Amino acid sequence: MIKRTLLIGMIPWFVSAQELPEAVRAIEKQGITIVKPFDAPGGMKGYLGKYQDMGVTIYVTPDGKHAISGYMYDDKGANLSEQIIQKEIYAPVGRDMWQRMEKASWILDGKKTAPTVIYVFADPFCPYCKQFWNQARPWVESGKIQLRTLMVGVIKPESPATAAAILSARDPAKTWHDYEQSAGKLTLDVPKSIPPAQMKVLNENQKLMDDLGANATPAIYYMNSENELQQIVGLPDNAQLKAMLGERP
C-alpha cells in the first residue's frame, strides 16, 4: 500500500472551525486539523482529521459537549475508525494520484487494450527495473497487462541524458523495449545536452515520483480490487507479483 503519511498531506479540503462543536474545536487547538465530518454509530457524530501526517478520528457524544479522539471498534473487534480513514481519506487521494499518472508522459509496453494498467518509474541504469521488466513479460505478451513506464534519471549522472535519448527516439516504446531486452547494451544516440522537451518530461516525472513518496526505482503503482492505490518500491517479491499481476499466464 502507498505511504499514508504522504497521502494525508495532499488532502485539499478542510472543515471551517466555525462549523465545529466546541469540544472538537478544543481538540483542534492541540494540533489536529479537521478534514470532514461523518456519521458514527451510537448516536455520535464523527470527524476525520490529521495529526502529524496521520489520519485520526474524533467522536462527539450525543449531547455535543464531549469529544473523544481515538479508534472505535465494534462488538466483533473490527476497527471502524481505520475503515473510515481508509475509505474517506486515503483512497480518494490515491485515486487523484492515479489520475495524475494517467495524464503524465509515459511509454506504453503491451497492448493498450490490456485490462490491467501498471505504472513504473524507471531509470535506464536500474538493474531491478530490467529484472521487473523481464518478470512481467508473460503477462504483457499475453495481453493481460500494460506497463506504462515513466522515465526518470536518478541513478547515475548520465541517467537523465540516457533517458532523454529513449524519449526522443523515433519510436520510444520500441527503443525502450529493445534497450531493456538487451540488458542496457543497446547503443543509443545520447545527447550532450538534454533537449527542453525531454527535460520537461523528466522533471515532471521526477516531481510526480517525489509526490508519491518513492525514493528508488522501480517505483510501481497499481489499483487493487478495492480501487485503492498500491505502491511497490524496488523489485517485487513473489507474493507482490501475484497480488499485482495475478496467476502466471
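Residues numbered from 1 in each chain as written. Predicted model: local features only at pLDDT ≥ 70, side-chain atom pairs only at ≥ 80, totals over all residues. Heavy atoms only, no water.

### Considering unusual backbone geometry
Inference 1: Omega for the peptide link from T217 to P218 comes to -5°, which places this bond in the cis form.
Inference 2: Mapped onto the fold, P218 is located in the loop between α8 (196-211) and β8 (219-223).
Inference 3: At A183, a position not held by glycine, the phi torsion is positive, near 60°.
Inference 4: Within the element layout of this structure, A183 appears in the loop between α7 (172-181) and α8.
Inference 5: Taking relative accessible area as the criterion, A183 reaches 49% and is therefore assigned partly exposed. (Helix = DSSP H or I, 4+ residues; strand = E, 2+ residues; numbered from the N terminus. Buried < 20%, exposed > 50% of the residue type's maximum accessible area, 1.4 Å probe, protein only.)

### Observations concerning the packing of aromatic side chains
Geometrically, a pair of aromatic rings is defined through the distance of the ring centres and the angle of the planes.
Inference 1: Under the counting rule described, the total for this entry stands at 6 aromatic pairs.
Inference 2: Relative to Y179, the ring of W176 has its centre 6.1 Å away and its plane inclined at 20°; by these criteria the two rings are stacked. Taken together, the residues W176 and Y179, both in helix α7 and 3 residues apart, mark about one turn of the helix.
Inference 3: On the basis of relative accessible area, W176 is assigned to the buried category, the value being 2%.
Inference 4: In this structure Y179 comes out as buried when scored by relative accessible area, which is 2%.
Inference 5: Each member of the aromatic cluster is reached from another via a ring pair, and the members are W98, W106 and Y119.
Inference 6: Sitting above the plane of the W133 ring, R137 keeps its charged end 3.7 Å from the centroid. (Phe/Tyr/Trp six-rings, centres within 6.5 Å; stacked < 30°, edge-to-face > 60°. Lys NZ or Arg CZ within 6 Å of the ring centre and 35° of its normal.)

### Considerations on the sheet that holds β8
Inference 1: The strand order β5-β7-β6-β8-β9 describes an open sheet built from 5 strands, whose pairing is mixed. The open sheet has two free edges, formed respectively by β5 (107-109) and β9 (229-233), since each of these has just one partner strand. The mean angle between the axes of side-by-side strands here comes to 25°, regardless of whether they run parallel or antiparallel.
Inference 2: As judged from the 5 bridges shared by β8 and β9, these two strands associate in the antiparallel manner. Bridge pairing in β9 places Y222 opposite Q230.
Inference 3: Against the sheet, α7 makes contact with β5, β6 (116-122) and β7 (145-151), and its axis sits at roughly 60° relative to β5, the strand it touches most. (Pairing = 2+ DSSP bridges. Axes fitted to C-alpha atoms, helices over the stretch in contact; angles between N-to-C directions. Contact = heavy atoms within 4.5 Å.)

### Regarding the pairing of β8
Successive side chains on a regular strand alternate, one facing one side of the sheet and the next facing the other.
Inference 1: Across the 5 residues that make up β8, a large majority, 5, are buried.
Inference 2: Where burial is concerned, the two faces of β8 agree: the one with A219, Y221 and M223 and the one with I220 and Y222 are both buried.
Inference 3: As paired elements, β6 and β8 share 3 bridges and run antiparallel to each other. Note on β8: the bridge partner recorded for V120 is I220.

### Notes on the side chain of T149
Inference 1: If you trace the backbone, T149 turns up in strand β7.
Inference 2: At 3.5 Å, the side chain of T149 and the side chain of W176 are in polar contact. (Polar contact = N/O pair within 3.5 Å; in protein donor to acceptor, adjacent residues only side chain to side chain.)

### Structural notes on α7
Inference 1: Listed in full, the buried residues belonging to α7 are T175, W176, Y179 and E180. Seen from one end, α7 has its buried residues packed into an arc of 125°, which puts them on one side.
Inference 2: Among the structural elements, β5, β6, α4 (127-135), β7 and α6 (159-167) are those in contact with the buried residues of α7. (Arc of directions from axis to C-beta.)

### Brief notes about the packing of α4 against α7
Inference 1: The geometry of α4 relative to α7 is characterised by a closest axis approach of 10 Å and an angle of 100° between their N-to-C directions. Accordingly, the angle class assigned to the pair α4 and α7 is roughly perpendicular. Taken together, the residues of α7 that come into contact with α4 (itself represented by C129, K130 and W133) are W176, H177, Y179, E180 and Q181. (Parallel < 35°, antiparallel > 145°, perpendicular 65-115°, else oblique.)

### Side note on the pattern of salt bridges
Inference 1: For the structure shown, the criterion picks out 11 salt bridges.
Inference 2: When the shortest N-O distance is used, the salt bridge between D109 and R137 registers 2.4 Å. Here D109 is found in strand β5, whereas its partner R137 is found in helix α5 (residues 137-141), with 28 residues between them in sequence.
Inference 3: On the accessibility criterion, R137 (8% relative accessible area) is buried.
Inference 4: When the shortest N-O distance is used, the salt bridge between K207 and D211 registers 2.7 Å. (Salt bridge = Lys/Arg side-chain N within 4 Å of Asp/Glu carboxyl O.)

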